[in-house]
Amino acid sequence: MKFRKKPVVVEAVKFDGTDQSFSMLKDFAGSAIGGVAKNSAGYLEVAIRTLEDGEHLTVQHIATEGDWIIKGVQGEFYPCKPDIFEQTYEVVIDEE
């Protein structure tokens, strides 16, 4: 069987490792954002608390510099690598 992904508009913020992008990310995802640290390669990583364990938000995914953080259909947040993001999403232009 084959399936097509339903067209859903999402909000997303790109984490590029700068203080400004981290601030935007905190404003965007609030308490879903955990700590930030450098990995062994010297890149900044930020922990994103997810809904994978239900409402407890103890399961975390790690976003690295360059990743997009997406707000999902249930209000959850999760990271997405830039190449996957570009293949999956396109900019929506509001026509109001």
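Here the structure is shown first, and the text comes after it.
Nothing here was measured: the structure is a model prediction, and the numbers come from that model.

Enquirer: Sorry, what's going on with the overall build of the protein chain here?
Expert: Of the regular secondary structure elements, the protein chain holds two helices and six strands. When the helices and strands of the protein chain are placed in sequence order, the string is β-α-β-β-β-β-β-α. With 96 residues in all, the protein chain has 28% of them scored as buried. Sequence separation of at least 24 residues holds for 32% of the intrachain contacts in the protein chain that already meet a minimum separation of 6.

Enquirer: Help me understand the sheet that holds strand 3 (residues 44-49) in this model?
Expert: By definition, the strands of a sheet pair up through backbone hydrogen bonds, in either a parallel or an antiparallel sense. One open sheet accounts for three strands, arranged 2-3-4; its pairing is antiparallel. On the outer flanks of this sheet lie strand 2 (33-38) and strand 4 (60-64), each paired with one strand and no other. In this sheet, adjacent strand axes meet at a mean angle of 25° when their direction is disregarded. Pairing of strand 3 with strand 4, which is carried by five bridges, proceeds in the antiparallel orientation. Within strand 4, the residue paired with Arg-49 across the bridge is Gln-60.

Enquirer: Help me understand the packing of aromatic side chains, please; the structure alone is not making it clear to me.
Expert: Each aromatic ring pair is specified by the distance between its two centres and by the angle formed by the two planes. Under the counting rule described, the total for this entry stands at three aromatic pairs. Ring centres 5.2 Å apart and planes at 80° place the aromatic pair Phe-28 and Phe-77 in the edge-to-face group. A residue pair is termed long-range when its members are at least 10 positions apart, and Phe-28 in helix 1 (residues 19-29) and Phe-77 in strand 6 (residues 77-80) qualify at 49 residues. Assigned by exposure class, Phe-28 and Phe-77 land together as buried. One aromatic cluster is present, built from ring pairs that chain together Trp-68, Phe-85 and Tyr-89.

Enquirer: Got a minute to help me understand the pattern of salt bridges in this structure?
Expert: Here the idea is simple: oppositely charged side chains can pair when their charged atoms come close. This structure, assessed with the given rule, holds one salt bridge. Ionic pairing is found between Lys-81 and Asp-67, a salt bridge with its closest N-O pair at 3.0 Å. Here Asp-67 lies in the loop between strand 4 and strand 5 (68-71) and Lys-81 lies in the loop between strand 6 and helix 2 (82-88), a separation of 14 residues in the sequence. Judged by its relative accessible area of 40%, Lys-81 is partly exposed.

Enquirer: Looking at this model, I keep getting lost on helix 1. Mind explaining?
Expert: In an α-helix there are 3.6 residues to a turn, and that puts residues three or four apart on one side. Burial in helix 1 covers these residues: Ser-21, Leu-25, Phe-28 and Ala-29. Projected onto a plane normal to the axis of helix 1, the buried residues spread over an arc of 70° and lie on a single side. In helix 1, the exposed positions angled more than 90 degrees off the buried face are occupied by Asp-19, Gln-20 and Asp-27. Buried-residue contacts for helix 1 involve strand 1 (11-14), strand 2, strand 3, strand 5 and strand 6. In the stretch just after helix 1, Gly-30 is the one whose phi turns positive, near 50°.

Parameters and conventions
Residues numbered from 1 in each chain as written. Predicted model: local features only at pLDDT ≥ 70, side-chain atom pairs only at ≥ 80, totals over all residues. Heavy atoms only, no water. Helix = DSSP H or I, 4+ residues; strand = E, 2+ residues; numbered from the N terminus. Buried < 20%, exposed > 50% of the residue type's maximum accessible area, 1.4 Å probe, protein only. Contact = heavy atoms within 4.5 Å. Pairing = 2+ DSSP bridges. Axes fitted to C-alpha atoms, helices over the stretch in contact; angles between N-to-C directions. Phe/Tyr/Trp six-rings, centres within 6.5 Å; stacked < 30°, edge-to-face > 60°. Salt bridge = Lys/Arg side-chain N within 4 Å of Asp/Glu carboxyl O. Arc of directions from axis to C-beta.

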